[in-house]
Amino acid sequence: MKTGKRQFNIAICGMGGMGNWHRETIGKIPDLHLVGSFDVKPERQKFAEEHGVRAYESWQALLDDPSVDIVTIATPNDLHRPLAIQALHAGKNVVVEKPAALDEAEFKAMADVAEATGMLLTVHQNRRWDDDYRTAKAVYESDVIGPVFRIESRVLGSRGIPGDWRQLPEKGGGMILDWGVHLLDQMLQMVKEPVRTVYATVDHVTNELVDDGFYADLSFASGLLAHVEVGTSHFVGKPRWGVYGRDGSAEIDWGSKGRIVCVTDRSKQDAVPIVTAAGLTKTMAPRTADTIKTLPLPPVKADILDYYRNVMDAIDGLAPIEVKVPEVLRVLRLMETIKRSAETGRVLPFES
Ligand code: NAD
């Protein structure tokens, strides 16, 4: 993708868990040079230096370094807006971690500054490069299971909300903003249709202040229904993805493990009934082997290094940016609608 027109210098703000992930990832891209980082915690400044990264003495010192082309912001969510706006005003291109901001209005303010300064602003929606997502998308876009009527996307953990700031509303905590933003972004990238209605509920199993899980049902213009779910108190899991079509179903788990089962002869309805003490059913009994076939999932491989390669190409004017401002605004608006639906208990309209 990158044609090697020029090299870029990048600095990281926030050298926590994800800041360190960026450090490692940037280190794998030859044209991208990590020139330093800044973190308010002295121990994370020390961590950077121990890993051969210059720790700027202040955020201002980082912004004042004219050699820095790109700043990646990997701080708690409430700081994305002010830090991104400062970096844009300092003439830096900005990669901000997800969620881009706490709501649509905040991100709109950031995008306005990017436009006024002419700098690039994009968001680290890295899970667009996840193999499981790419596989689900490939199944959806193929005709292997016939017209798709339902997609389920879920992540279910059992450890509650991790860390400290993620538990606090004022820091942008909660699972809608944490994992929901990934799953909703993926769904809107996959199904290229207006979302007509939204119905959602939120969980407060282990945290009263912020949601520790949610589910949202999105109905698209064609009638396709998407079920998006995040849970943190689930001790029994479910597959990461379910994609259901008229002629077959696909089950896709982390690492793109899974299968497709398609009907081969719909006319054969013989089945060994499921019998319980209270009754019997043929309708819900498994199909006999002679009426179905199992297919492997399509092979899909994505390279996460393409994320930063695309950022560099976009700055160079060689390619459009992958994660675009209007897409980010749409997901933020959807998350606000999900919260409102859960608060009111109502199905809400979203796009006409
Ligand atoms: P973290 O708590 O591990 O790290 C945050 C760091 O920011 C801390 O070291 C903290 O000291 C530092 N910090 C706080 N205020 C600062 C300031 N004003 N200037 C500089 N540094 C400051 O959190 P994390 O898990 O690394 O999450 C950071 C961001 O990355 C969040 O927005 C989160 O949603 C995002 N994230 C994204 C992914 C992904 O897959 N895209 C995964 C995890 C986290």
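Going by the structure above, here's the rest.
What you are looking at is a predicted structure, and each value in this text was computed from that prediction instead of being measured.

Participant: Before we go on, may I ask you to explain the nonpolar core in this structure?
Facilitator: Nonpolar side chains in soluble globular proteins generally cluster together in the buried interior. Counting residues in each nonpolar core, the largest one holds 96 residues, and the members touching the most others are F107, I151 and L218. It is helix α7 (residues 175–190) that contributes the most residues to this core, 9 residues altogether. With sequence-adjacent residues up to four places away left out, F107 is seen in contact with A100, A101, L121, V123, V325, V328, L329 and L332.

Participant: Honestly, unusual backbone geometry in this entry has me stumped. Any pointers?
Facilitator: If a residue is not glycine, its phi is most likely negative; likewise, a peptide bond is most likely trans. Here the amide bond leading from K98 into P99 is cis, since omega sits at -15 degrees, within 30 degrees of zero. In this fold, P99 is placed in the loop between β4 (93–97) and α5 (104–117). Positive phi values are uncommon outside glycine, yet S256 reaches one of about 60 degrees. Within the secondary structure layout, S256 lies in the loop between β11 (248–253) and β12 (257–263).

Participant: Honestly, the pattern of salt bridges in this entry has me stumped. Any pointers?
Facilitator: When charged atoms on two side chains of opposite charge get close, those side chains can pair. Tallying each qualifying case throughout the model produces 26 salt bridges. The shortest N-O distance in the salt bridge between D185 and R128 comes to 2.7 Å. In this pair, D185 sits in helix α7 while R128 sits in the loop between β5 (121–124) and α6 (131–141), placing the two residues 57 residues apart along the sequence. Given a relative accessible area of 3%, D185 falls into the buried group. Overall, R128 belongs to the buried group, its relative accessible area being 5%. A salt bridge links D306 to R309, with the nearest nitrogen and oxygen atoms 2.7 Å apart. One end of the pair is D306 and the other is R309, both in helix α8 (residues 305–316) and 3 residues apart, which spans about a single turn. In this structure D306 comes out as partly exposed when scored by relative accessible area, which is 24%. By relative accessible area, which is 22% here, R309 ends up partly exposed. Three or more residues are tied together by salt bridges with common partners; here these are R150, E152, R154 and E229.

Conventions adopted
Residues numbered from 1 in each chain as written. Predicted model: local features only at pLDDT ≥ 70, side-chain atom pairs only at ≥ 80, totals over all residues. Heavy atoms only, no water. Core = buried A, V, L, I, M, F, W, Y, C linked by side-chain atoms within 4.5 Å. Buried < 20%, exposed > 50% of the residue type's maximum accessible area, 1.4 Å probe, protein only. Helix = DSSP H or I, 4+ residues; strand = E, 2+ residues; numbered from the N terminus. Contact = heavy atoms within 4.5 Å. Salt bridge = Lys/Arg side-chain N within 4 Å of Asp/Glu carboxyl O.

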